[in-house]
Structure formats: structure tokens, C-alpha cells
Amino acid sequence: MPTQHQSTPASVACPVCAVATVIHDVVDFNKSCEEARQHFLPLSGRPIYYHRCTGCGFVLAPEFSSWSEQEFQQHIYNERYIEIDPDYVSRRPLANAEFVRQLFGDSRQLIRHLDYGGGAGVLSEALRGQGWDSTSYDPFPRSEQKIAALGKFNLITAFEVFEHVPDVTELMNNLGTLMENECMVIFSTLLSDGHIQPNTRLTWWYASPRNGHISLFSNRSLVLLAEQRGLQFGSFNGGTHCLFNRLPAWAQKLHG
Ligand SMILES: [Zn+2]
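Residues numbered from 1 in each chain as written. Predicted model: local features only at pLDDT ≥ 70, side-chain atom pairs only at ≥ 80, totals over all residues. Heavy atoms only, no water.

(A) Seen up close, the nonpolar core. Of all hydrophobic cores here, the largest spans 36 residues; its most connected members are Phe58, Tyr116, Ile156 and Phe162. Put simply, the parts of the chain that give this core at least two residues each are strand S4 (112-116), strand S6 (153-158), helix H5 (168-178), strand S7 (179-188) and helix H6 (219-228). Per-element accounting of this core gives the leading share, five residues, to H5. In contact with Tyr116, other than residues within four places in its own chain, are Tyr137, Pro139, Ile147, Ile156, Thr157, Ala158, Phe159, Val161, Leu171, Asn174, Leu175 and Leu178. Within the second largest apolar cluster, 20 residues are counted, among which are Tyr50, Val59, Phe64 and Leu216. (Core = buried A, V, L, I, M, F, W, Y, C linked by side-chain atoms within 4.5 Å. Buried < 20%, exposed > 50% of the residue type's maximum accessible area, 1.4 Å probe, protein only. Helix = DSSP H or I, 4+ residues; strand = E, 2+ residues; numbered from the N terminus. Contact = heavy atoms within 4.5 Å.)

Here it is, written out as C-alpha cells:
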């Protein structure tokens, strides 16, 4: 019985809307995003349960909320991570830097940018090389650096961050701490709408524990997270989105 699995509590409240979640499905820990390219890791034999909120559609793997940073480093973000996410080192951060430059390069003198979850800092380094005021910050692994000491920013990017966080509330609190009164947050995560539905198995390639994809957002769940904090939410497409309190003047060309 899944409900008796020691790391799968019978009752898990949705961290977005507090409605009770239901167990949606179980997958092997080694399910990876590379399965989309027909590359399959050997099964680990370790079951990972994903729960779905019946209110807002948010999906999470509750087991990871109790993992320590050491466990994440040992089992997910380890020396073999690159095999199941080969683009994370430089290809994707450089492409994202180019995306940001194309959007707002003309206004870079007005922008104080933070790349949240920036890993080794490749994106920020690329922007700084083009005259931007850009800082990289990664909440993982935890450091002595207090988030409030970073200051505030009017453009925050968070690429490939949301689906990795074990604590959505902490993520939103951190972003709130970092946002100036006029700030746009641009973030990427694939929406689960149309990919995760009741009474269907969890076959979506993006729902992959081995990649650390442990929080999966529906459009509704992101709308709610924004509303709860008095923010506006919008999507550029199914994978790239924005949050803002008040839109900086240089960002208003994106609106509408
Ligand atoms: Zn919910």
C-alpha cells in the first residue's frame, strides 16, 4: 500500500493552496528527462511518489521535503548529473543570457539584475561582459551569505529553478525579499497543464526525480502563488513566465 510507505505521508497539504493532495503516481527514482530522447537509466528500485493537488493542480514529490542538502548532492546533483542534463553547464545559461540581452539589452543601464539559482554564475558573467550590472546567487548549497544582504533588484531571472525546489514557500519568500518595488521576475518551468491529469499515469518526461524535478506547476498554481503575494503573473509561452509587482518602465514594452 503506497500510504504505508515510510516516506510517503498519507496526508500532504498543497504548499500552494493548502488543499489536501492525493497520491497521483509512483515512478522509479532514476526516471530522467533524457527519457524524452530515448535514453533510459537502469531502474534504481527506489519508488518516488508524486502527489497532485486537487485544488490547483500543483504536483510534488513529498519525500524530498525531508532530504538534507547532503542527500541532494549525493543522489541528484552529483558527478553523474551532467549525464541526464548535459546542457546545464554552459549551453543553457549562455542561451538564457542571450534571451535576456535580446529582451532588455537596450535598457541595461537601468537594470540591476540578479540570476537566482545561477549555479556557477555563467549567465551573469556573460551579461557582465556586455556591460550589465548582474549578480549570480544560488540558494543551493546553503552558504553563510544572507539573502537580504544581496540587496534588491529590478530584474530577477530564475531559469530551471522552480521545478527543483523542495520548498515553494521559501522560494517565493526569497524572491519577495530580493524584489525592488518595481521588479520583473522572469523564470522558466514547463507547465503541467495537459501533461498531468487525473486517472492517467505520470509518463511526462519532465516529471523526473533523477533530474531533481520535484515541484511541478500548473498555470493555476502559479496564478495563485502570484495572487497570494499581490503579484501579477504572465507567460511568454508554456515554459517561460514572469511575475512582477509594478512593471519597470523599460519592461512595459512586454506588456499586452
Ligand atoms: Zn494546490
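(B) The arrangement of the coordination of the zinc ion in detail. Note on the zinc ion: its protein donors are Cys14 (SG), Cys17 (SG), Cys53 (SG) and Cys56 (SG). The metal-donor distances range over 2.3 Å. Note that the zinc ion binds four donor atoms; their angles at the metal cover 94 to 117°, and the shape is tetrahedral. Each donor residue of the zinc ion belongs to the same chain, with the gaps between them written as C-x2-C-x35-C-x2-C. Residue Cys14 is found in the segment before strand S1 (21-28), and its partner Cys56 is found in the loop between strand S2 (47-53) and strand S3 (59-60); the two are separated by 42 residues along the sequence. For the pair shown, Cys14 and Cys56 are each scored as buried. (Donors = N, O, S within 2.8 Å, 3.2 Å for Na, K, Ca; no water. Tetrahedral: all angles 85-135°; square planar, octahedral: opposite > 155°, others 65-115°.)

(C) Representation of the packing of aromatic side chains within the structure. The full count for this structure, using the stated rule, is 19 aromatic pairs. Relative to Tyr88, the ring of Tyr81 lies with its centre 5.1 Å away and its plane at 80°, an arrangement referred to as edge-to-face. Residue classification places Tyr88 among the partly exposed positions, given a relative accessible area of 38%. Among the aromatic residues, those joined into a ring-pair cluster are Phe29, Phe64, Trp67, Phe72, Tyr77, Tyr81, Tyr88 and Phe140. When the ring centre of Phe153 is taken as origin, the NZ or CZ atom of Arg112, which lies over that ring, is 4.3 Å away. (Phe/Tyr/Trp six-rings, centres within 6.5 Å; stacked < 30°, edge-to-face > 60°. Lys NZ or Arg CZ within 6 Å of the ring centre and 35° of its normal.)

Purely geometric numbers; function is a separate question.
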